[in-house]
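Here is how the chains run, residue by residue.
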Amino acid sequence: MAYDVERLLRLWTDPLPEDDAAAAEAFREVYADPVTVNGAPLTAADLVARARALQGVFEAPEREVLDVVEGDGKVALAFRLAGRQVGTLNTAAGPVSPTGQRLELRVIDVLTLTDGRVSAIWMVADELGALASVGAVRLVA
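Definitions and cut-offs
- Residues numbered from 1 in each chain as written.
- Predicted model: local features only at pLDDT ≥ 70, side-chain atom pairs only at ≥ 80, totals over all residues.
- Heavy atoms only, no water.
- Salt bridge = Lys/Arg side-chain N within 4 Å of Asp/Glu carboxyl O.
- Helix = DSSP H or I, 4+ residues; strand = E, 2+ residues; numbered from the N terminus.
- Phe/Tyr/Trp six-rings, centres within 6.5 Å; stacked < 30°, edge-to-face > 60°.
- Buried < 20%, exposed > 50% of the residue type's maximum accessible area, 1.4 Å probe, protein only.
- Patch = residues over 30% accessible without salt bridge, like charges linked within 9 Å, V, L, I, M, F, W, Y side chains within 5 Å.
- Areas by Shrake-Rupley, 256 points an atom, 1.4 Å probe, with all protein chains shown as cover.

Q: In this structure, what is going on with the pattern of salt bridges? I would like to understand it.
A: A side chain of one charge can pair with a side chain of the opposite charge when the charged atoms of the two come close. Applying the stated criterion across every chain yields a total of 11 salt bridges. For E59, the salt bridge identified is with R84, shortest N-O distance 3.1 Å. Of this pair, E59 sits in strand β3 (residues 58-71) while R84 sits in strand β4 (residues 74-85), and the two are 25 residues apart along the sequence. A cluster of three or more residues bridged by salt bridges with shared partners is formed by E6, D14 and R63.

Put into structure tokens, the structure is as follows:
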């Protein structure tokens with residue numbers, strides 16, 4: 001049976017319950033609590049805070065699954081999130097204030113599954129492409 005990546009992505013793009021406890025429970029249905037993300041443990045409450053922040057970045061976010069590869073308790077997922085940037089995007093280079101321009105994030109997640117839930121994630125996001133698209137960085141020739 002294929003892993004339900006759409007369910008996972010909806011947690012990050014669709015409105016969460018206003019009640020933080022209910023939102024955390026929605027994450028616990030999909031993720032272990034805590035889940036290890038790039039080597040650091042994050043609680044369901046941490047994931048809710050991150051999801052709320054991400055949901056505030058895009059107006060009417062679009063998501064597109066580019067590829068999914070599954071095997072041996074792992075799921076590798078490549079996807080895009082895009083939309084008009086109406087909120088601050090937190091990046092490794094610092095926060096990017098809303099531009100009102102179209103912003104696209106390309107992400108690759110490698111998920112480890114334990115008992116049907118995500119117990120660990122290694123993720124990489126193409127922040128440089130997103131930063132360049134809204135004029136936050138310029139490449140010199």
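Text resumes after the structure shown.
Q: Explanation requested: the packing of aromatic side chains in the structure shown.
A: One pair of aromatic rings is described through two measures. These are the centre distance and the angle between the planes. Under the counting rule described, the total for this entry stands at three aromatic pairs. Here the aromatic rings of W12 and Y31 are separated by 6.4 Å at their centres, their planes lie at 85°, and the arrangement is edge-to-face. Of this pair, W12 sits in helix α1 (residues 5-13) while Y31 is found in strand β1 (residues 31-37), placing the two residues 19 residues apart along the sequence. Taken individually, W12 and Y31 each receive the classification buried, so the pair is uniform in this respect. Three or more aromatic residues joined by ring pairs make a cluster, and in this case those are W12, F27 and Y31.

Q: Looking at this structure, how should I read a nonpolar patch on the surface?
A: Together, I108, V110, W122 and V124 give the surface a local cluster of nonpolar side chains, amounting to about 410 Å² of exposed area. Considering the arrangement of structural elements, one finds I108 in strand β7 (residues 102-114). A residue is classified by how much of its surface remains accessible, and I108, at 49% relative accessible area, is partly exposed.

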